[in-house]
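Fold and geometry: a report
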Amino acid sequence: MKEKIKGIKNITLSAMKMYFRDRQAIFWSLFLPVMIMSIFGVMKFDQVSKVNLGLVDNAKNQASESLVENIKKVNVLNIKEGSEGDEKQALEKGDRDMVLILPKDFGTNLTPKPVNALEQQPVISEIKPTNLEIYYNEGKQDRVQLGTTALNQIFDRYTHTVTKTPDLFILDQKPIASRNLSYVDFLIPGIVAMGIMQMSVMGVLGAVVNWREKGIFKRLLATPIHPSVIIISQVLTRLIISVLQVATIIALGVVVFKVHFIGNPLLILLLAVLGGILFLNIGFALSSFGKTHQTVMALANIVMMPMMFLSGIFFPRETLPELLGKITQYLPLTYLAHGMRVVMIEGYNLSQIRTDVLGLLVWIVIIFFISTRVFRWE
Amino acid sequence: MAKGNIIQVKGLVKTYSKVNVVDGISFEVKKGEIFGILGPNGAGKTTTLEMIEGLRPIDDGEIKVAGINVNEDKNGVKSVIGVQLQASSFFDYLSLEELLILFGNLYNQKIDPDEILDEVELTEKKKSYIKTLSGGQKQRFSIASALVNKPKVLFLDEPTTGLDPQARRHLWDLIKKIREKGMTVVITTHYMDEAEVLCDRVAIMDHGYIIAMGTPENLIKNLLNKGFKKPKIEQLANLEDVFLNLTGHALREE
């Protein structure tokens, strides 16, 4: 027993050394998830829900410019300014949701000549409303409605200011610091889960096939060490690397992408280890269904690809069709990604993620049963 | 076990898909000798060797190595033998020195990598990775890895296949040197010149049987006694002599 532990320690240390010298392995296990995270992290998914408003200012006077300034302050609007022709064309192409046109005579009715010193204020009934044309994309009713509401609000406020009529209601806005979860918050736990899957499956597949092809397994088995020592040290090595990978991705997420991380690190470690063991088992099992490097790698992709898109890594699983969603809730990666997500950004505790932990454990038992039956040294 | 015999094989059988690739062979290897198992490809040499090494289950028969029964105690046998496998490689990204230390650990032994590397003349390569070695150097390292546990028997499976004449001769010298230190060597080969130069005794295998066994001299004498004559009179030198005379005996490592 003591010798076994010593053997595990020695092979694991050597394997770690080998891993850190193998730049390609580091690239695939660390830089790839980081790269995916960076690409998705800088993509402005929030922008997509904004209303693209084209502004055509044909008046270019003080009144129109101050209106434009006010419109620009509205958050839900993504404003582009241009000539009438260009903007209408953009609308037809679908690049704009709405185009607002301020006519040449905009604002002239707002500054009537004072009748006398006592009556500087324009008489409300004397003001004729200016017609502002809005062209909109019929196919984007939701956004058009949102945009129209926002614009109406601005015009109301503007009208009040000009006509000096008092506000009947004032919204007393009191800011409360709340957690504004962004897409990156959603994404990073998913990337962590995906990284564990890829690292474990690919890592163990690569090592097993390489060692088998090169006769390294056989050479090791020609020494008095127990075969389980080789397997255990391989599992241990990959788990350590997985945990390092998880830590790197989370650290990067917090530092660079300002992820709202409130999870318990121990729970994340637990999930990482369970997920690691599960996907390592899948790797060992897969390694026996093909002979060459190419065939097993293709197999691995067949297994991993659907999970990447059906387990809620990049997009919420709520977007899946109902039946597909029901089936894919039992996928190994679904449990891992969900567990990671609720722990990391919702701060769930162990009993709140028991379904995920249980799901992972059940899968581990099933796959372990399969992999011990199909595993081949040669 | 007869005195002086370090390996005893009795009625050894290995069956793959109903074919006996090793069909009831028996032989002994004396302590301190270089014993060759000769035969064409597919004769069952490697299978025989791997059963003795405890790497393959024995379907029938009995093997004893240094008094240990392989059928009962595979690990016991593995710890007293050294194995150089046919076409086996080693981990990338570990230096020769680190590999030897790792292998020492597998035998639970602290070793001096410098001493072993010196023995196989790879001292200057101790910080290199396997992939930077030439074919001959790789085979020498493979033998080095088999020496870490100071084995009683060293098994070499076709150690010179694919090497150039210089590297082959260099490896022969190394094997002889190892034997001089008192180690028993069992070697498989399909090069007869190699067997003639190296082996004290050989067993010739074909189709899973041993069809002849003895010292090379006796086997040749037996053949001549049967009235065998070479169709062409042997010249005093052959093409390999010409080649070595022209290119020298010095090792070529790329």
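Provided above is the structure to which this section pertains.
Okay, so let's go over this structure. Small disclaimer: the values here were computed from a predicted structure and weren't measured. Counting starts from 1 at the beginning of each chain's written sequence and moves along it residue by residue. All chains are assigned letters beginning at A, and all ligands numbers beginning at 1, according to the order in which they are written. Only residues with pLDDT of 70 or above have their local features reported here, since the model is predicted, and side-chain atom pairs are shown and tallied only from 80 upward, although totals for entire chains, interfaces and linings are computed over all residues. Water and hydrogen atoms play no part in the side-chain values, which are based on all heavy atoms of the structure.

1. Side note on helix α14 (residues 354-374) of chain A
Residue and element names in this part refer to chain A. Between its first and last C-alpha, α14 extends 30 Å over 21 residues, near the 30 Å set by a 1.5 Å rise per residue. Among all positions of α14, only D356, V357, G359, L360, I364, I367 and S371 are buried. Looking straight down α14, one finds its buried side chains confined to an arc of 150°; they lie on one side. Along α14, exposed side chains directed more than 90 degrees from the buried face belong to R354, T355, L358, V365 and R373. Pairs of residues are marked as contacts when any of their non-hydrogen atoms sit within 4.5 Å. In this text, helices come from DSSP runs of H or I with a minimum length of four residues, and strands from runs of E with a minimum of two, each type numbered from the N-terminal end. Those residues of α14 hidden inside the fold are in contact with α10 (265-287) and α13 (332-346). Given a helix with a known number of residues, its expected span is that number minus one, times 1.5 Å. When accessible area is computed with a 1.4 Å probe and restricted to protein chains, residues below 20% of their type maximum are described as buried, those above 50% as exposed, and intermediate ones as partly exposed. Starting at the helix axis, one direction is taken to each C-beta atom, and the arc is that of these directions.

2. What about the packing of aromatic side chains?
Planes of paired rings set the category: under 30 degrees apart is stacked, over 60 is edge-to-face and the rest tilted, where pairs are Phe, Tyr or Trp rings (Trp by its six-membered ring) whose centres lie within 6.5 Å. Here the structure, examined in full by the defined rule, presents 13 aromatic pairs over all chains. When the centroid spacing of 5.6 Å and the interplanar angle of 75° are considered together, the rings of B:F90 and B:F103 count as edge-to-face. Here the residue B:F90 occupies a position in the loop between β6 (81-84) and α3 (96-106), and B:F103 occupies one in helix α3, the gap between them amounting to 13 residues. Both residues of the pair, B:F90 and B:F103, count as buried. A connected cluster of aromatic rings, assembled from ring pairs, spans A:W211, A:F217, A:F284, A:F375, A:W377 and B:F91. One residue, A:R341, lies across the ring of A:F186, its end atom 3.7 Å from the ring centre. Remark: a charge is flagged as sitting over a ring if the NZ atom of Lys or the CZ atom of Arg is within 6 Å of the ring centre and within 35 degrees of the ring normal.

3. A look at the nonpolar core
The term nonpolar core refers to a set of buried residues drawn from Ala, Val, Leu, Ile, Met, Phe, Trp, Tyr and Cys, joined through side-chain atoms within 4.5 Å. Counting residues in hydrophobic clusters, the biggest one holds 92 residues, and the most contacted among them are B:I7, B:I63, B:V65, B:F91, B:F141, B:L154 and B:V186. Residues A:V192, A:L271, A:I282 and A:M304 belong to the second largest nonpolar core, which totals 53 residues.

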